[in-house]
Amino acid sequence: MSFAIKPLGDRVVIKRLEAEEKTASGIILPGQAKEKPQMAEVVAVGPGTEDIKMELAVGDMVIFSQYAGTEVKFEGEEYTIMAQKDILAKVEK
């Protein structure tokens, strides 16, 4: 099944990992107290440009800049579209 959002140029679409619901000591956090994670899975990548080679692939786990990108809701799911330059690191498994 292909993903319906097709990013252009050097952009990627990511899906954030779920925020922790409990602290290390076991305190359950209400929705507004949860910190948005800065780690995500890449769900779609653009083709890159003449100047910028696409270095990411679908399925990569990445760490990204906190305030980067545009959040979108598509078919009930939340995604973020951002430029590849806003991805800080790729997490090796």
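Bear in mind the structure is a predicted one, so any value in this text is a computation, not a measurement. (Residues numbered from 1 in each chain as written. Predicted model: local features only at pLDDT ≥ 70, side-chain atom pairs only at ≥ 80, totals over all residues. Heavy atoms only, no water.)

### A word on the pattern of salt bridges
- The tally for this structure, following the rule as stated, stands at 4 salt bridges.
- Glu-77 serves as the salt-bridge partner of Lys-15, at 2.7 Å between the closest nitrogen and oxygen. Separated by 62 residues along the polypeptide, Lys-15 in strand S1 (residues 11–16) and Glu-77 in strand S5 (residues 77–83) bring together distant segments of the chain.
- Exposure remark for Lys-15: the relative accessible area of 25% places this residue in the partly exposed category.
- A salt bridge links Arg-16 to Glu-71, with the shortest nitrogen-to-oxygen separation between them at 3.3 Å. One end of the pair, Arg-16, is in strand S1; the other, Glu-71, is in strand S4 (residues 70–74), and 55 residues separate them in sequence.
- Given a relative accessible area of 45%, Glu-71 falls into the partly exposed group. (Salt bridge = Lys/Arg side-chain N within 4 Å of Asp/Glu carboxyl O. Helix = DSSP H or I, 4+ residues; strand = E, 2+ residues; numbered from the N terminus. Buried < 20%, exposed > 50% of the residue type's maximum accessible area, 1.4 Å probe, protein only.)

### Section: the packing of aromatic side chains
- With the rule as written, the count across this model stands at 1 aromatic pair.
- Sitting over the face of the ring of Tyr-79, Lys-15 holds its NZ or CZ atom 5.6 Å from the ring centroid. (Phe/Tyr/Trp six-rings, centres within 6.5 Å; stacked < 30°, edge-to-face > 60°. Lys NZ or Arg CZ within 6 Å of the ring centre and 35° of its normal.)

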